[in-house]
Amino acid sequence: MTALLIRDLRLAMRAGGGFGLALAFFLIVVVLIPFSVGPEASLLSVIAPGVLWLGALLSCLLSLDRLLAIDFEDGTLDVLATAPLPLEAALSIKALAHWLTTGLPLVLAAPVLGVLLNLPGQGYLWLVASLALGTPALSVIGTFGAALTVGIKRGGLLLSLLVLPLYIPTLIFGAEVARRGAQGTDATTPLLMLAGITLATIALLPFASASVLRRGLR
Amino acid sequence: MTALLIRDLRLAMRAGGGFGLALAFFLIVVVLIPFSVGPEASLLSVIAPGVLWLGALLSCLLSLDRLLAIDFEDGTLDVLATAPLPLEAALSIKALAHWLTTGLPLVLAAPVLGVLLNLPGQGYLWLVASLALGTPALSVIGTFGAALTVGIKRGGLLLSLLVLPLYIPTLIFGAEVARRGAQGTDATTPLLMLAGITLATIALLPFASASVLRRGLR
Amino acid sequence: MELHVENLSLARGGVPVLTDVSFVLRSGQALILRGPNGSGKTTLLRTIAGLQPALRGQIIGAEDQIGYAGHADGLKAMLTVAENLTFWAEVFGQTDITAALDAYALHPLADRLAGTLSAGQKRRLGLARLLVTGRPLWVLDEPTVSLDTDAVGLFAAAVERHMAEGGAALMATHIDLGLTAADVLDITPFRAVSGTRAGASDEAFL
Amino acid sequence: MELHVENLSLARGGVPVLTDVSFVLRSGQALILRGPNGSGKTTLLRTIAGLQPALRGQIIGAEDQIGYAGHADGLKAMLTVAENLTFWAEVFGQTDITAALDAYALHPLADRLAGTLSAGQKRRLGLARLLVTGRPLWVLDEPTVSLDTDAVGLFAAAVERHMAEGGAALMATHIDLGLTAADVLDITPFRAVSGTRAGASDEAFL
Amino acid sequence: MPELGKYAVEVLSAYAASLALLAVLILLTLRRGRAARADLRRAEAEGNSDA
Amino acid sequence: MSIWTYANPVKFLALSTRVQPWLWAAASIAIGVGLVWGFFGTPDDFRQGSTVKIIYLHVPSALMAINAWFMMLVTSLIWLIRRHHVSALAAKAAAPVGVVMTLIALVTGAIWGQPMWGTWWAWDPRLTSFLILFLFYLGYIALWEAIEDPDTAADLTSILCLVGSVFAVLSRYAVQFWNQGLHQGTSVPVATGGRTVADVFWYPLLLSMIGFALLFVALVFYRTGTEIRIRRAAALRARAGRGL
Ligand code: HEM
Ligand SMILES: Nc1ncnc2c1ncn2[C@@H]1O[C@H](COP(=O)(O)OP(=O)(O)OP(=O)(O)O)[C@@H](O)[C@H]1O
Ligand SMILES: Nc1ncnc2c1ncn2[C@@H]1O[C@H](COP(=O)(O)OP(=O)(O)OP(=O)(O)O)[C@@H](O)[C@H]1O
Ligand SMILES: [Mg+2]
Ligand SMILES: [Mg+2]
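Residues numbered from 1 in each chain as written. Chains lettered and ligands numbered in written order. Predicted model: local features only at pLDDT ≥ 70, side-chain atom pairs only at ≥ 80, totals over all residues. Heavy atoms only, no water.

With that settled, consider the relation of the copies chain A and chain B. Superposing chain A onto chain B takes a rotation of 179 degrees plus a shift of 0.1 Å along the axis, which leaves an RMSD of 0.1 Å. In the structure described here, the two chain copies are related by an operation that fits a two-fold rotation axis. The position closest to the rotation axis in chain A is occupied by the C-alpha of L62 of chain A, lying 3.7 Å away. In this assembly the copies share their binding face: 100% of the residues contributing to the interface of chain A also contribute to that of chain B. (Least-squares fit on C-alpha atoms with pLDDT ≥ 70 in both. Contact = heavy atoms within 4.5 Å.)

Okay, here's the thing in structure tokens:
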């Protein structure tokens, strides 16, 4: 169990700095926003919470691509499937490793990037809370998508297509929390919904992922 | 020459419908925008031109990933490098194939997605013009980035990181054209700049890509 | 440890490949599968390893007994040789990798990244992985591809030691493995004859 | 057609691998490189094919003469066998693929997707690719991996026909290729001795 | 033709678009179906000639 | 005789060839009469003018778009539990029909929105849910296309359909929470009766809905037959020349 986690983390660090890259992508999306919608501070501060959430989601998404693909290509998944570790556990661990290398850095970086987009002062706490609660769901759902597309060459874009609609509820509640937080209105209901989604996906989705992966390996 | 183009197009069609997927991603990014910034029509119509450009750029970016990576992994690039076709030409063709399978569909789909974001009526023509002029530059620059990261496992995110700064000028002028068009102000200057960037990259960048790729294959 | 394969029929991509394969493999035995290209050796090995379903027939005694090494090696280019082995050892609940390093003379390479190994060195590492699984039944698909004569010798020695310790091995190969005592099973007679309704997975549609 | 390799020194990943390799290869000749795993055969072949630079020394007569087949085959899983061959034929300015299909008995597989072939069938297709390049000098890295005896025979016949037509072939291998008339070059004597300043690419820093 | 008033364009284009979409769906369905039938017939013929 | 008899492809083909002429005929008549009646035979609405006529396309297609997904969910479950090939193929066959229905609902709705709400599109929950449904359809079809082995494809798409359905329902609630909308509530009397459309509009609408449903069934029968034939041809070829 921990062996797999440690290996995944180590690979993320070595393979071209996987740790920093989701973060860098997040940074760049946020930086590109003013270039595309124009530099007005008032406009930016209105869209800031939403854009930060969307940026986090997209960077998560981009890094899903190779979550299982490399392990599939080099035969690691075949061996894992014959190992004593249940596949459900292996996939949960991989999702956890994905979260630690992408979700967590995003959560930590979001307040800094909030400054770039003039996020209102009261919004920071809510933004961080919503990201911290929501990104684990993104990793788990993403693992399901990765398991679906394992073995499909050029699966990257297909993966995005499959995963994005599944991300919608998380995004809606997460962005809603951040937005309400920034406006100073009450955000507990969406926060609870978000927590519910995250818990439910963590508890249930690995089973779907494992069953999908077993069939995909054939 | 045409053999390579035809093969790439054929592969794009077969490999899980590569044609439609960049498009689907574009659609999804655009759809996610309201979920993240909220459903107000007036706000959406202000950010519409910028967001459409950003969405097109990101879908281009996502599909770059495997522009050269698969050919590298299965040894095709090694053989191509020893073939009579100059590598510059081969890379230009690959960029063209990439544009035909991603850029062009994006240009055609953009007006439809404009409707979803309440793009003002006068903006459609300019949006399409700016995308038609700008996306070829995105493909060519992307090919350069793909050549830089060839052979790097998990290069996907690194590729995005390298390419995004290079995309900034194209994005700035492209989004400016679309924004001015939507507001009804004069957009010829940025349009000319955009055309200049595209022509220059098409003319010059393949040489850089080829020389980078030759070293990357070592 | 005994592996019983009974009347196994296999398909690949909906095409019947082998019919009614039966054999028994016991502790201390090595069985070499032979057959021309495309005859279904890989398919058979993957099925026994539990990676794909059989059309018909039974495999008894394979559960949690198998160390599988296919055409791909399951190595990470960005981890060192020792790290790769340690990882697999831990996944299979083992701790010690020195025996594996010894068996394939990998000590000098232990701190090299696996991605910088030559084809044969990689293969040696892939085979060393079997020693850290602690599994009694090795299922190997063309294990000696790319190996030089010395390395083939190391492999043969490792297999013989494994058999002496009560293990068993099932291998597909086209070339000589240097094993002295091994049974050979030619799978050509089991090839699904075209025209029989031998068992396409799409039988429902025939 | 003549290939002259003179005093070639090579490094891989900054580590010197071979020093002062020299040989001449002429039309109608086949040269087999031998050497233990990790001795630098792949590195030498890639350098001659122009895929990586030499540290020192010269390669004369290789330009635009080489058909290269490395460890990977350059095949697309999503194209059929015939489409794969046609593509490479067109890239190398040829038109006809039937000779290549004939040489490796690929006709029955012509309409199969390359991704659904077995390991040996794939390799046959990879070798058939050489016939549509029209190049006189074949540079082959372990060409007969995964091939069964019949297929090795097809390969040997193809090489001999190629030599009879004035071509030449340079191959690295650990096993018998079934070629009757081939010279062997053992590269072990050329291995860079560690501790010599034989030619690290970072010489400037020494 | 009923009097559609100022919304004639909308109503007509809605009907046109919908019927066109349905027509495309049905045509593609029929085309694929015909191709499949023909191919199956061919496959069956091949089988008989072999056996 | 149980319904599972028809899980046999041959039996299914026999049944579907027998009933199809009737289905097609009934569907054409119902749609034809419904649309002609609606288009020529009903008055304009006092508020919406002649745009009410769009309802005869919009509502039936919206209805079928949802029902098609529901049918796919059921057949996917049947495949996963009982592994009847016909069931998986029926799901595959229904998806493109579902997309087109969704597209028709979206297009007619958009065209309707311009005069009524002054905009082609608004992020109303009902419309948004439909867009999401459209995305699910696209993903489902793309996954079928991307996987070569037909049984694996059936397995994976079935599971996607299950998981997707859960998330689609979740999205529906999320979207409702996110934005309260402009769109009218439902008027199709499911259990209780009570409808909001006047009788003049209701009967042609009902006819058109029945027509769309029949058309859907006819198309799914036909397309499932096509898929069966493709598989049968592949199986025959596989059995005959294995090509080695
Ligand atoms: C693109 C946008 C639209 C979509 C996706 C959409 C979707 C739907 C759906 C799913 C239904 C089925 C309701 C049900 O049976 O429960 C429906 C019904 C209906 N829609 Fe839309 N709609 C759209 C735009 C519009 C517009 C612009 C109007 C007119 C102003 C409209 C008027 C109606 C009416 C009158 C019904 C019947 C409601 C009823 O049963 O009473 N829709 N629509
Ligand atoms: N996805 C697929 N679809 C159809 N046929 C396939 C597929 N994969 C493999 N086959 C066929 O199944 C047969 C068995 O393949 P398998 O890989 O088991 O052969 P093998 O005995 O391992 O051959 P080799 O010695 O070449 O490795 C081959 O004829 C192959 O062409
Ligand atoms: N990127 C690298 N960094 C450092 N050393 C490397 C790198 N790649 C290869 N080497 C080393 O260079 C040497 C030559 O490798 P090469 O692949 O040429 O050997 P080979 O003769 O083809 O061996 P094999 O028979 O196993 O294929 C090996 O010792 C290998 O470990
Ligand atoms: Mg094999
Ligand atoms: Mg080598």
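Here the narrative resumes, following the displayed structure.
Glancing now at the sheet that holds strand β6 (residues 137-141) of chain C. All names here are of chain C. Taken in spatial order, the five strands of this open sheet run β5-β6-β7-β3-β8, and their pairing is parallel. A strand with exactly one partner marks an edge of an open sheet, and here the two such strands are β5 (66-69) and β8 (183-186). For this sheet, the mean angle separating the axes of adjacent strands, direction not counted, is 15 degrees. In this sheet, strand β7 (residues 168-172) lies alongside β6 in parallel orientation, the contact comprising five bridges. Bridging from a neighbouring strand, D141 pairs with A172 of β7. Together, β5 and β6 form the strand contacts of helix α4 (residues 119-131), whose direction differs from that of β5 by roughly 175 degrees. Those strands touched by helix α5 (residues 149-164) are β3 (30-34), β6 and β7, and its axis lies near 155 degrees from that of β6. (Pairing = 2+ DSSP bridges. Helix = DSSP H or I, 4+ residues; strand = E, 2+ residues; numbered from the N terminus. Axes fitted to C-alpha atoms, helices over the stretch in contact; angles between N-to-C directions.)

As a further point, take the interface of chain A and chain B. If you look at the interface, chain A gives 40 residues, while chain B gives 41 residues. Of the roughly 4,200 Å² buried at the junction of chain A and chain B (both faces included), carbon and sulfur atoms supply 78%. Remark: the boundary between chain A and chain B carries zero salt bridges. For the interface between chain A and chain B, the tally reads two residue pairs in polar contact (both at pLDDT 80 or more). Elements with a minimum of two residues in the side of chain A that touches chain B: α2 (18-37), α3 (41-73) and α7 (155-183) of chain A. Residues of the side of chain A that touches chain B, tallied by class, amount to 29 nonpolar, five polar and six charged. (Buried area = accessible area lost by both parts, 1.4 Å probe. Salt bridge = Lys/Arg side-chain N within 4 Å of Asp/Glu carboxyl O. Polar contact = N/O pair within 3.5 Å; in protein donor to acceptor, adjacent residues only side chain to side chain. Nonpolar A, V, L, I, M, F, W, Y, C, P; charged D, E, K, R; others polar.)

Below, the discussion takes up the pairing of strand β1 (residues 2-12) of chain D. Residue and element names in this part refer to chain D. Summarising the sheet, β1 and strand β2 (residues 15-26) pair through eight bridges and their orientation is antiparallel. Note that in β2 the partner of V5 across the bridge is F23. Joining the antiparallel neighbours β1 and β2 is a turn of two residues, in which G13 adopts a positive phi near 55 degrees. Here β1 runs beside strand β4 (residues 56-60); their pairing, made up of four bridges, is antiparallel. The residue bridging H4 from the neighbouring strand is I60, located in β4.

Now for the nonpolar core. Within soluble globular proteins, side chains that are nonpolar generally end up buried alongside one another. Counting residues in each nonpolar core, the largest one holds 342 residues, and the members touching the most others are F144 of chain A, F35 of chain B, M171 of chain C together with F23, L44 and M171 of chain D. When neighbours within four sequence positions are excluded, F23 of chain D is seen to be in contact with L3, H4, V5, L31, L44, I48, L170 and L185 of chain D. Within the second largest apolar cluster, 27 residues are counted, among which are L25, I66, Y68 and A172 of chain C. (Core = buried A, V, L, I, M, F, W, Y, C linked by side-chain atoms within 4.5 Å. Buried < 20%, exposed > 50% of the residue type's maximum accessible area, 1.4 Å probe, protein only.)

All names here are of chain A. UniProt's entry tags residues 12-35, 41-64, 96-117, 123-150, 157-178 and 190-213 with the feature "transmembrane region" (unreviewed entry), counted in the numbering of this structure. Helix makes up 100% of residues 157-178 and strand 0%, with an end-to-end C-alpha separation of 28 Å. When the span residues 190-213 is considered, its composition is 100% helix and 0% strand, and the gap between its end C-alpha atoms is 32 Å. (UniProt positions renumbered as here; feature names shortened; annotations may be inferred.)

The next thing to look at is empty space enclosed by the protein. One pass over the full model with this rule turns up seven cavities of 30 Å³ or more. Here the second largest cavity is characterised by a volume of approximately 150 Å³. Lining the second largest cavity we find 16 residues, and of these V145 and I175 of chain C together with V145, S146 and I175 of chain D sit closest to its centre. Across the lining of the second largest cavity, the residue classes break down as six nonpolar, eight polar and two charged. (1 Å grid on protein atoms, 1.4 Å probe; cavity = no way out; pocket = protein on both sides within 12 Å on 5 of 7 lines; lining within 4 Å. Points joined across faces, edges and corners; volume = space filled by probe spheres on them.)

Taken together, the contact between chain B and chain D spans 22 residues of the former and 24 residues of the latter. Where chain B packs against chain D, one counts three salt bridges. With its nearest N and O atoms 3.0 Å apart, the salt bridge here joins D78 of chain B to R46 of chain D. Across the contact surface, chain B and chain D share three residue pairs in polar contact (both at pLDDT 80 or more).

This part covers the site of ligand 3. Around ligand 3 sit 18 residues, and of these R112, S118 and G120 of chain C together with T42 and T43 of chain D come closest. Chains contributing residues near ligand 3 are chains C and D. G120 of chain C is positioned such that a nitrogen or oxygen atom in its backbone is 2.6 Å from an oxygen atom of ligand 3. Between an oxygen atom of ligand 3 and a main-chain N or O atom of K41 of chain D, the distance comes to 2.7 Å. When ligand 3 sits alone it has 640 Å² of accessible area, and the protein chains cover 88% of it. (Near = heavy atom within 4 Å. Areas by Shrake-Rupley, 256 points an atom, 1.4 Å probe, with all protein chains shown as cover.)

Moving on, we come to the sheet that holds strand β4 (residues 56-60) of chain C. All names here are of chain C. Strand order in the open sheet made by the three strands is β2-β1-β4, with antiparallel pairing throughout. Either end of the sheet is taken by a strand with one partner, and the two such strands are β2 (15-26) and β4. The average angle at which neighbouring strand axes cross in this sheet is 20 degrees, direction not considered. In the packing of helix α1 (residues 41-48) onto the sheet, the strands contacted are β1 (2-12), β2 and β4, and the crossing angle to β1 comes to about 125 degrees.

Bringing a nonpolar patch on the surface into the picture now. Residue and element names in this part refer to chain F. The grouping of I29, V33, W37, Y203, L206 and I210 at the surface amounts to a nonpolar patch, some 530 Å² of accessible area in total. Only α1 (9-41) and α6 (199-240) provide two or more residues apiece to the nonpolar patch. Examined against the element boundaries, I29 turns out to sit in helix α1. (Patch = residues over 30% accessible without salt bridge, like charges linked within 9 Å, V, L, I, M, F, W, Y side chains within 5 Å.)

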